[in-house]
Structures are given as structure tokens and as C-alpha cells.
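Working through the structure, step by step
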Amino acid sequence: MEFNQSFFQQKLKSGIEFFNKNKLNEAIECFKFLENEKSTQIIAFLYLGIIEIKKNNNENAKKYFFKILEIDKNHEFANLNLGLISFQEKDMKKTLDYLNKTLDINQDNLLAKYHLGLIEMINRKYEKAKNKFEDILLKEPKNLNALNNLGICYLKEINFKKAITIFKECLNINNNHKQSILNLANCFFQIRDFENSIVNYNKVLDIDKDHTIAKIGLSKCYFAKYDYKNGFLFYESRKKIQIKNLNIIKELTDRYGCNEWRGEDLDNKKILILSEQGIGDNIQFARYLFELKENFNVSIFFLAGKKIAHLFKDCPCEIITDISEIKKIHYYQFLLSLPGIYFDKKDNFKKCVNFIKPESNNENKWFQRLRNLKKPLIAIHWKGNKNFSDYQERMIPLKFFDKIIKNKKYSFLTVQRDDSPSDIQKNFFQDYIIDYSKEVDLNDKSFEDTISILKNIDLLITSDTSMVHLAGTMEVETLLILNMNPDWRWQIELKEKCFYKKLKIIQQNNLFDWSNIPELINRELEQRFK
């Protein structure tokens, strides 16, 4: 049967109407009919691809957009959608290729420009990201997504005053814009305006009562105000984003009917404690495993990753790395919930327990290697994992240690992993820091060599990383360099002095300004090593 053009155009119009009404099956039927007709096939492919995206079937969607590019390689929206799919799939190279091609075709495509701005943010190139978002705002001054992300760029650049102004602009456009309220709360937290931060986190919860990030933000505010009860209460919300642990709990509760432990009598019971978050968190709060054993005749299972399991071999529990090793349990709890349960009962915090010991052969090896170095011997650790969201706040540029490291009274070494050799070379410190980063902890056991090295030094100087918890637990003399507004545990330590016996904290005078730190460290070294 032959059809004239008016029939095809009517079919196309019907397909678009079905699409707009979200009647996708009817729309698909129309567009499928049109995909072999030259005059309508490109737009049919485009809609079929978009429908596949709506159905979360990106692979099928890509097939339709590729068909369009076979006909017209400069099709704006085929390139755009392939770029957006690649962004979703975290293939940044393809994302850049398709979105830059989209802008070559139409430099005013704001969606392409917006996602290119997001990529610049991911790469921490905030100036370039700001340029993209500002270009969008010239065309659409009330584009909330662009305006909000512009504010985030200023927040990341530590220009909190400008960020706050922008987030308030967002709220002038839409006073219930949840993300802008959340970002405003984050800004107030960073400048230690905890009251306004609490107000705005609560506004987020008025809109979304289950918002996990807002609850975690509230917990940090309350800890900073030394309201430990509310701090621990809201800190429990962190569990909702630990998908792996939640899946484990579901499996165990289905299998054994076990309950979450909130302080009940554990005599003659079995409890599973789940490790969580970073290595440092687990080292710091493993002391509460001892508390459980001291108070109850209980069998404790501690679920930990294979690389860190050896660290806890002297804890009063059975270390497991797979839940298949469990035959029966009565209760479970996340490790970082134990301090809150303990505080609720005793109104204080458990003191440190030194449970980490070096392996004797390894300790002797490092003793022999380090014995002839000039004393005092100081290890230095200036940054943590750059993939963590608060990396900037816990990274001290190595250049700030210049005068200290070049002081010939001391010997300095580092076991800093990642790109520490690059940092040392950039600052021309090769003659001043002995770098063991490429020799330590090369096996499957985290900190295997580092533990032995820490036993043979006189002092550790470190930023807020897992290293402080390792050394603190081992009762190694430690100087912790903190930013002005540190993580919640250090808010507690600054007031209560309860976590580590041989730890001293040196803190910024001004937010994100490390300039006062070298002189304070120098004074401390002079005092310690007269």
C-alpha cells in the first residue's frame, strides 16, 4: 500500500502527541512505522532513542542515535544525546567528543554546555566550569541548575561569601530549591556559623524528611556545638548510604531473624559488627569491641575487608571477611554506632586500646634499616586520599614544611603513597626527605611495613588521614595538623582529650590558611627535642 506525504506527517504528529502524553507504546508504534520513510526516519529514530532513554535502556537508545549519524554526522541532537548517555556511563572521553561536537554544530546548545561545565567540576577545574555556567546564565538568567553549580564552584574555591550570595539568588528564584538550601547550609557550616547551618539543614528536611546528607550535616553541626546526643542521633543516618552493608544486613536478617543491637544484654549471645567507611574509622573505633567483651559474655564477629583484617587480630573477636563464615547471630551493629550507644549509657568516650603490634621479623628489618639515621627521626604525612570529598580540607601543601624539613637537626622520612615522589620533587626536597613510598606495604596487608616504621620513629607529623589513627592507637608520639573546622571526631577530641594519649593537635588560625602552621610545628619540635 502506498502512502502520501500528508499521511506520514499525520502519523508523525500522532507519535509526538502520544510521546508528550507519555503514551510510549502508542508513540513507538507510530515511529516504528515511520523509520523506513526517508522524509521522517531521522526524527523517528530520534524519538525512538529518547523513548529508550526514558525506559532506562541506553544500549538500544544509542543504536537509534548511531543510525541518525550514519545519515547526518552533524545532527545536533543525536550527538547531544550520545554525549548525555556517555556522561551517565562515566565515559568522559566520549562525553567530551560528543558534547564538543554538539557545540561545534550549535554553540548555543545550553544542555551540552551545562554538562561540559559539570565535567570541569569533576576535574576540579572550577574556573573553566564557572565560565560554562556563566555563559548559560547570560542566555537564561534564571537557570537554577547552572546558578546552583556556579555557587558550588565558588564553594569549592573557598569563596564562601560569593557562594552564599549565589545560593540566596537561587532561593529568590525558587525558595524551595532543595539543593541550594543544602549548599547554603554547607557554606554556613564551613564558616562555623552552625546556627544558620542547622536552620538550613532543617529546611531541607522540611522538604524531604528522609534527606540523608542533611541529617549527616546536622550531626556535624551538633558535634561542633558539643551536643553529642543529637550528634550521634543524626549520625545514624549515614547507614542509609552504605548499600553494601545494608544488603548484608538484609541477607542476615532474612536468614537468622537477627536484630539491630541498641544496648541490650548480650550475655550468651552472638553479635556481628560491620566495619565501615575508611581504614582510620575502623582503627579508631575498634576499641569498642573491647568494651563489648568487657561488659558481656558475648561472641563477637567483626566483618572487615581482607586487606585490613590482620590489623584487628588482637581484638577480642573473630575476624571474618565473608558473611558465609557466619552460622548464627542474634544481633548486628555498624562499628561507628558503638560510640553513640556507649555515650548514651556512660556519658563519656572509651579511652584508646593499643591493639596493633608489628610482626617481629618485619619490625627487626625496619629497625636495622632505620637505626643509623640521625635522630630525632620524624615521619611526615601531608595528605590523604584525593578521591575523598573533603580532600582539600585535609591536604597540606608540602611547601609549608620547607624550613622545618631543611632543618639539619632532624631526619625526615615519608611512607606517603600515591604521588608523594612527585610532591617531593616539585618542592626540591629530594635531599631532605627519605622516601620509602615505593618500598612499603606492597603486599595484600594494609600498613604492614608502616606499622614497623612507626615503631622506630621519634615523632609523626600528619594531616587528618588514617595514619593518625594508626599511630595514635600504637601510642606513637604524633602531631596532628588540623584545619579550622575539622571532622566531628576532632571536635570531640579538642574538648574532651579522650581519643589518643600521645596525640597533640596543631590547628589553623584561619579557615583554609596553613600559614601559621610551620611556626607552631617548629616551636613544638624545639620544645620536644631540646
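For clarity, every value in this text was computed on a predicted model and none was experimentally measured.

Looking at unusual backbone geometry
Of note, the amide linkage connecting lysine 375 to proline 376 takes the cis form, showing an omega dihedral of -5°. Position of proline 376 relative to the elements: it lies in the loop between α19 (360–370) and β6 (377–381). The phi dihedral of phenylalanine 447 falls on the positive side, at around 65°, and the residue is not glycine. By secondary structure assignment, the location of phenylalanine 447 is in the loop between β8 (433–435) and α22 (448–454). Phenylalanine 447 gets classed as buried once you look at its relative accessible area, which sits at 12%. A positive phi is found at lysine 497, a non-glycine position, where the angle reads about 50°.

A closer look at the pattern of salt bridges
Enumeration according to the criterion identifies 34 salt bridges in this entry. Between aspartate 254 and lysine 250 there is a salt bridge, with its nearest N and O atoms 3.0 Å apart. Of this pair, aspartate 254 and lysine 250 both sit in helix α15 (residues 243–256), four residues apart, which is roughly one turn of the helix. The two residues aspartate 254 and lysine 250 agree in class, both being exposed. The closest approach of N and O atoms between arginine 489 and aspartate 487, which form a salt bridge, is 2.6 Å. With a relative accessible area of 23%, aspartate 487 lands in the partly exposed category. Among the charged side chains, a network of salt bridges with common partners joins Glu236, Arg238, Lys239, Glu260, Arg262 and Glu276.

Quick notes on the state of the cysteines
Tallied over the full model, the rule gives zero disulfides. With no disulfide of its own, cysteine 187 lies closest to cysteine 170 among cysteine sulfurs, the gap being 11 Å. Cysteine 187 sits in the buried class, given a relative accessible area of 0%. Just so you know, cysteine 498 is unpaired, no disulfide at all, and the nearest cysteine sulfur is the one on cysteine 352, 11 Å from it.

Considerations on the packing of helix α4 (residues 58–71) against helix α5 (residues 76–88)
Running from N to C, α4 and α5 cross one another at 150°; their axes reach a closest spacing of 9 Å. One finds that α4 runs roughly antiparallel with respect to α5. The handedness of the crossing between α4 and α5 comes out as left-handed. Between α4 and α5, the contacting residues are Asn58, Ala61, Lys62, Phe65, Phe66, Ile68 and Leu69 on the first element and Ala78, Asn79, Asn81, Leu82, Ile85 and Gln88 on the second.

A closer look at helix α23 (residues 466–473)
Three or four residues apart is the spacing at which side chains of an α-helix point the same way, because the helix has 3.6 residues per turn. Across the eight residues of α23, seven count as buried, placing the element largely inside the fold. Buried within α23 are the following residues: Met467, Val468, His469, Leu470, Ala471, Gly472 and Thr473.

So, the sheet that holds strand β2 (residues 270–274)
As summarised here, the arrangement of the five strands in space is β1-β5-β2-β3-β4, forming an open sheet in which the pairing is parallel. The open sheet has two edge strands, β1 (259–260) and β4 (318–320), and neither has a second partner. Bridge count for β1 against strand β5 (residues 331–334) is two bridges, and the pairing is parallel. Within β5, the position partnered with asparagine 259 by the bridge is tyrosine 331.

Some words on the packing of aromatic side chains
Applying the stated criterion across every chain yields a total of 31 aromatic pairs. Taking 5.8 Å as the distance between ring centres and 70° as the angle between the ring planes, the aromatic pair formed by phenylalanine 7 and phenylalanine 33 counts as edge-to-face. In this pair, phenylalanine 7 is assigned in helix α1 (residues 5–20) and phenylalanine 33 in helix α2 (residues 24–34), connecting sequence segments 26 residues apart. A relative accessible area of 31% places phenylalanine 7 in the partly exposed class. When the centroid spacing of 5.9 Å and the interplanar angle of 25° are considered together, the rings of phenylalanine 312 and phenylalanine 355 count as stacked. Here phenylalanine 312, found in the loop between β3 (299–303) and β4, pairs with phenylalanine 355, found in the loop between α18 (338–346) and α19; they are 43 residues apart in sequence, far enough to count as distant. By relative accessible area, which is 0% here, phenylalanine 312 ends up buried. In textbook terms, an aromatic cluster arises when at least three aromatic residues are bridged by ring pairs, as seen for Phe223, Tyr226, Tyr228, Phe232, Tyr235, Phe285, Tyr288, Tyr342, Phe343, Phe349, Trp488 and Phe499. Taking NZ or CZ as reference, lysine 220 lies 5.0 Å from the ring centre of phenylalanine 189, over its face. Taking the ring centre of tyrosine 226 as reference, the NZ or CZ of lysine 495 above it sits at 5.4 Å.

Description of the environment of serine 180
Position of serine 180 among the secondary structure elements: in helix α11 (residues 178–190). Take serine 180: its relative accessible area is 0%, and that puts it in the buried class. Sequence separation between serine 180 and cysteine 170 is ten residues, and the spatial gap between their C-alpha atoms is 6.5 Å. Apart from the residues lying within four places of it in its own chain, the contact partners of serine 180 are Asn148, Phe167, Cys170 and Leu171. Of note is the side chain of serine 180, whose polar atom sits 2.6 Å from the side chain of histidine 177.

Overview of the pairing of β2
The buried count for β2 comes to four of five residues, which makes it a mostly enclosed element. Where β2 lies against β3, five bridges are found, and the strand directions are parallel. For isoleucine 271, the partnering residue across the bridge sits in β3 and is isoleucine 300. In terms of strand pairing, β2 meets β5 through four bridges, oriented parallel. Each bridged residue has a counterpart across the sheet, and for isoleucine 273 the counterpart in β5 is glutamine 333.

Cut-offs applied
- Residues numbered from 1 in each chain as written.
- Predicted model: local features only at pLDDT ≥ 70, side-chain atom pairs only at ≥ 80, totals over all residues.
- Heavy atoms only, no water.
- Helix = DSSP H or I, 4+ residues; strand = E, 2+ residues; numbered from the N terminus.
- Buried < 20%, exposed > 50% of the residue type's maximum accessible area, 1.4 Å probe, protein only.
- Salt bridge = Lys/Arg side-chain N within 4 Å of Asp/Glu carboxyl O.
- Disulfide = S-S within 2.5 Å.
- Axes fitted to C-alpha atoms, helices over the stretch in contact; angles between N-to-C directions.
- Parallel < 35°, antiparallel > 145°, perpendicular 65-115°, else oblique.
- Left-handed = near helix turned anticlockwise from the far one by under 90°.
- Contact = heavy atoms within 4.5 Å.
- Pairing = 2+ DSSP bridges.
- Phe/Tyr/Trp six-rings, centres within 6.5 Å; stacked < 30°, edge-to-face > 60°.
- Lys NZ or Arg CZ within 6 Å of the ring centre and 35° of its normal.
- Polar contact = N/O pair within 3.5 Å; in protein donor to acceptor, adjacent residues only side chain to side chain.

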